[in-house]
Amino acid sequence: IKAALIKFKIEKEEDDLSFYSRLIANASAIKSLFDELYQHHPKAAEQFNGLIDTLSAAHKKRTAALHKKDVAKADKGLWFLSNEITGMSLYVDNFCGNISSLCGKLDYFKKLGVNLLHLMPLFESPAGESDGGYAVSNFRKIDSRFGTLDDLKKVQQKMSAEDMYLMIDIVLNHTSHQHEWALKAKQGEKKYQDYFYMFDDRSIPDTFEQAMPEIFPEAAPGNFTFIPECGKWVMTVFHKYQWDLNFSNPAVLVEMLDVILFYGNLGVDVLRIDAPAFIWKQIGTTCQNLPRAHTILRLLKQCVQVASPGMALLGEAIVAPKEIMNYFGTSNYIAKECDFAYNAT
């Protein structure tokens with residue numbers, strides 16, 4: 001932690017001191033949760049240092065306006081539980097064509113009493129293989145159908161000035177097969193093949209399949225797809241063009257934390273985590289709702305509290321109602337996992 005403070009010049013300004021206090025307060029939980037997942041991984045120490053660097057870098061990139069908003073939200077307490085918040089979900093293109101046009105619609109939303117907008121998937125996704133935008137090929141680039149990242153920033157700034165909240169989605173479980181990591185994996189780069197569940201033959205996939213159900217048995221049978229470019233099988237639980245990320249690799253955790261905090265620094269107020277029940281895989285199980293999936297969510301929550309404290313996390317828990325409660329946290333982490341959790345059905 002000391003090395004990160006020096007590296008990122010975290011000094012004695014008020015915002016830096018607040019970050020330092022949050023980091024120290026949460027450091028023990030962050031290390032414990034990280035070790036629960038990765039203590040036996042050969043690169044655990046290196047990746048933990050990377051995680052701390054990611055938190056520090058995100059803090060330094062956070063704007064003064066967002067720091068000020070963090071303080072205002074903290075003063076309100078559990079601001080996201082206010083009964084004065086009314087939200088609307090919408091597809092930007094269907095609603096008004098593009099992101100820029102949203103700026104001219106804010107008075108309309110205010111007239112309706114709507115002060116939180118959930119914008120359905122906005123980030124780059126291949127046409128014809130998008131799964132409605134949930135097959136992301138670039139987590140940091142708005143799909144050209146909707147506009148640009150600058151357009152989103154302008155909308156967020158105007159919404160914030162009007163005391164409105166912004167919610168978007170984060171897809172943690174998988175990427176598009178057109179994502180940079182997948183393209184490099186296809187080219188044979190071992191580093192990026194380790195970002196996914198990739199195997200030389202069917203022996204391990206067949207063992208996984210014995211307990212894993214099929215999510216879309218008619219449209220996308222099986223949970224693995226053969227990749228001719230590299231001669232390997234990759235786990236594709238949802239569709240053949242959506243490659244499951246391997247969170248048993250701590251580098252993946254750190255990469256996706258960086259994406260989450262990138263969204264936090266865009267000014268996102270609520271981040272909806274898509275399909276969190278699937279983010280940990282283990283042979284001999286259904287690969288859904290496993291204990292370590294909850295460990296990952298708890299770890300991410302502690303990290304968000306440190307570097308993007310004004311952003312709340314919503315878990316789309318596609319589970320039975322009695323199981324949804326677990327996504328708020330259990331045992332020592334009650335109310336320290338997702339701030340909201342819901343079954344979309």
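Up top is the structure.
Overview of the structure. Only a predicted model underlies this, so the values are computations on that prediction, with no experimental measurement involved. (Residues numbered from 1 in each chain as written. Predicted model: local features only at pLDDT ≥ 70, side-chain atom pairs only at ≥ 80, totals over all residues. Heavy atoms only, no water.)

Remarks on the packing of helix H3 (residues 44–61) against helix H13 (residues 291–307)
Each pair of packed helices gets described by two things: the angle between the helix axes and the distance between those axes.
Line of reasoning, step 1. In the contact formed by H3 and H13, the axes pass within 9 Å of each other and the chain directions differ by 35°. For the crossing formed where H3 meets H13, the hand is right-handed. Across the interface between the two elements, Leu51, Leu55 and Ala58 from H3 touch Cys303, Val306 and Ala307 from H13.
Line of reasoning, step 2. Among the residues forming the contact of H3 with H13, the class breakdown is 6 nonpolar, no polar and no charged. (Axes fitted to C-alpha atoms, helices over the stretch in contact; angles between N-to-C directions. Helix = DSSP H or I, 4+ residues; strand = E, 2+ residues; numbered from the N terminus. Left-handed = near helix turned anticlockwise from the far one by under 90°. Contact = heavy atoms within 4.5 Å. Nonpolar A, V, L, I, M, F, W, Y, C, P; charged D, E, K, R; others polar.)

Concerning the sheet that holds strand S7 (residues 198–199)
Line of reasoning, step 1. Read across the sheet, 3 strands follow the order S7-S9-S8 without closing on themselves; strand pairing throughout is antiparallel. Looking at the sheet topology across the chains shown, the edges are occupied by S7 and strand S8 (224–227).
Line of reasoning, step 2. With 2 bridges connecting them, S7 and strand S9 (residues 232–235) associate as antiparallel partners. When the bridges of S9 are listed, Phe199 appears paired with Trp233. (Pairing = 2+ DSSP bridges.)

Re unusual backbone geometry
Line of reasoning, step 1. For Asp131, which is not glycine, the phi dihedral falls at a positive 50°.
Line of reasoning, step 2. Residue class for Asp131 comes out partly exposed when judged on its relative accessible area of 27%.
Line of reasoning, step 3. Notably, Ser331 is not glycine yet its phi reads approximately 55°, a positive angle.
Line of reasoning, step 4. Locating Ser331 in the fold gives a position in the loop between helix H14 (321–324) and strand S13 (340–342).
Line of reasoning, step 5. On the basis of relative accessible area, Ser331 is assigned to the exposed category, the value being 61%. (Buried < 20%, exposed > 50% of the residue type's maximum accessible area, 1.4 Å probe, protein only.)

Digging into the packing of aromatic side chains
Line of reasoning, step 1. For the structure shown, the criterion picks out 21 aromatic pairs.
Line of reasoning, step 2. Ring geometry for Phe196 and Trp243: centres 5.2 Å apart, planes at 90°, overall edge-to-face. Of this pair, Phe196 sits in the loop between helix H10 (190–193) and S7 while Trp243 sits in strand S10 (residues 242–244), and the two are 47 residues apart along the sequence. Taken as a pair, Phe196 and Trp243 share a single burial class, namely buried.
Line of reasoning, step 3. Here the aromatic residues Trp79, Phe80, Tyr165 and Phe340 are joined through ring pairs into a cluster of three or more.
Line of reasoning, step 4. The positively charged end of Arg202 is found above the aromatic ring belonging to Trp233, 4.6 Å away from the centroid. (Phe/Tyr/Trp six-rings, centres within 6.5 Å; stacked < 30°, edge-to-face > 60°. Lys NZ or Arg CZ within 6 Å of the ring centre and 35° of its normal.)

Geometric descriptors of this kind do not, in isolation, establish any biological role.
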